[in-house]
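Fold and geometry: a report
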Amino acid sequence: TMDAEAMEAAILRQIKGMGNMTGSGRSFTDDVQGFLHAIDWTEPFLKGLIAFHMAVWAIVLLTRRHNELQMALLCAVLGAVYFAERINGLASEHWRAFASQNYFDNRGVFVAVLYCTPLLCAAFFILINALRTTSALLVQVKRKELQVKNKASRRAAREGDETSQESRKDK
């Protein structure tokens, strides 16, 4: 029974630990707050990164009615995300040149959160905007198609009336 009790205790510990996927013994909000407090937000490169994201979002919003520009921007944004791992590696090697501490770990958490997440949100916005534009265009094309069809049926009806009137005159 000792093995069964030890196994039961181990299972209970695992179940209690399932709510905490970070493995740090703290809650998710504690981990997020710890992450945010560990960053020196006065670093010039962080201010530049924030300015970069603000510029990307400004361009995304200003070009939302220009599909070709939006698709080019989507490719550029996704390309920037694609190179995030390389950027993280370079930043990890050269962090002393632009930061007071090394934010760039092997897993790339910092780059994923502060570089990739805003870019992926912008890409998602572009995709949703493209879907909205495509559906509006589809409705517009379908309306034109129905207008042409109605016009043709009215013309055929008028021609049918004229033909029947002419045949009555001939009789």
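Every value quoted in this text rests on a predicted model; they were computed, and no experiment measured them.

Conventions used here
- Residues numbered from 1 in each chain as written.
- Predicted model: local features only at pLDDT ≥ 70, side-chain atom pairs only at ≥ 80, totals over all residues.
- Heavy atoms only, no water.
- Phe/Tyr/Trp six-rings, centres within 6.5 Å; stacked < 30°, edge-to-face > 60°.
- Buried < 20%, exposed > 50% of the residue type's maximum accessible area, 1.4 Å probe, protein only.
- Axes fitted to C-alpha atoms, helices over the stretch in contact; angles between N-to-C directions.
- Helix = DSSP H or I, 4+ residues; strand = E, 2+ residues; numbered from the N terminus.
- Parallel < 35°, antiparallel > 145°, perpendicular 65-115°, else oblique.
- Contact = heavy atoms within 4.5 Å.
- Nonpolar A, V, L, I, M, F, W, Y, C, P; charged D, E, K, R; others polar.
- Polar contact = N/O pair within 3.5 Å; in protein donor to acceptor, adjacent residues only side chain to side chain.
- Patch = residues over 30% accessible without salt bridge, like charges linked within 9 Å, V, L, I, M, F, W, Y side chains within 5 Å.
- Areas by Shrake-Rupley, 256 points an atom, 1.4 Å probe, with all protein chains shown as cover.
- Salt bridge = Lys/Arg side-chain N within 4 Å of Asp/Glu carboxyl O.

Turning next to the packing of aromatic side chains. All chains considered together, the criterion is met by 11 aromatic pairs. Ring centres 6.5 Å apart and planes at 90° place the aromatic pair Y103 and F104 in the edge-to-face group. The same class applies to Y103 as to F104, namely buried. Here the aromatic cluster, defined as three or more aromatic residues joined through ring pairs, consists of F45, F98, Y103, F104 and F110.

As a further point, take the packing of helix α4 (residues 67–82) against helix α5 (residues 84–94). Where α4 meets α5, the axes come as close as 5 Å, and the angle between the chain directions of the two elements is 45°. Put simply, α4 runs oblique to α5. Here α4 contributes A80, V81 and Y82 to the contact with α5, which in turn contributes A84, E85 and I87. Among the residues forming the contact of α4 with α5, the class breakdown is 5 nonpolar, no polar and 1 charged.

Relative to the assigned elements, H53 resides in helix α3 (residues 44–62). A relative accessible area of 8% means that H53 is categorised as buried. A polar contact is formed between the side chain of H53 and the backbone oxygen of L114, at a distance of 2.9 Å.

A few words now on a nonpolar patch on the surface. There is a patch of nonpolar side chains on the surface, built from F28, V32, L36, W41, I50 and M54 and spanning about 590 Å² of accessible area. For the nonpolar patch, the elements supplying multiple residues, two or more each, are α2 (28–38) and α3. If you tally residues by element for the nonpolar patch, the top one is α2, at 3 residues. Checked against the element boundaries, I50 lands in helix α3.

Moving on: the environment of A84. Residue position: A84 is located in helix α5. Overall, the relative accessible area of 6% leaves A84 in the buried class. Expressed as a C-alpha distance, the spacing of A84 and V111, which sit 27 residues apart in the sequence, is 6.9 Å. If sequence neighbours within four positions are ignored, A84 has contacts with V111, Y115 and C116.

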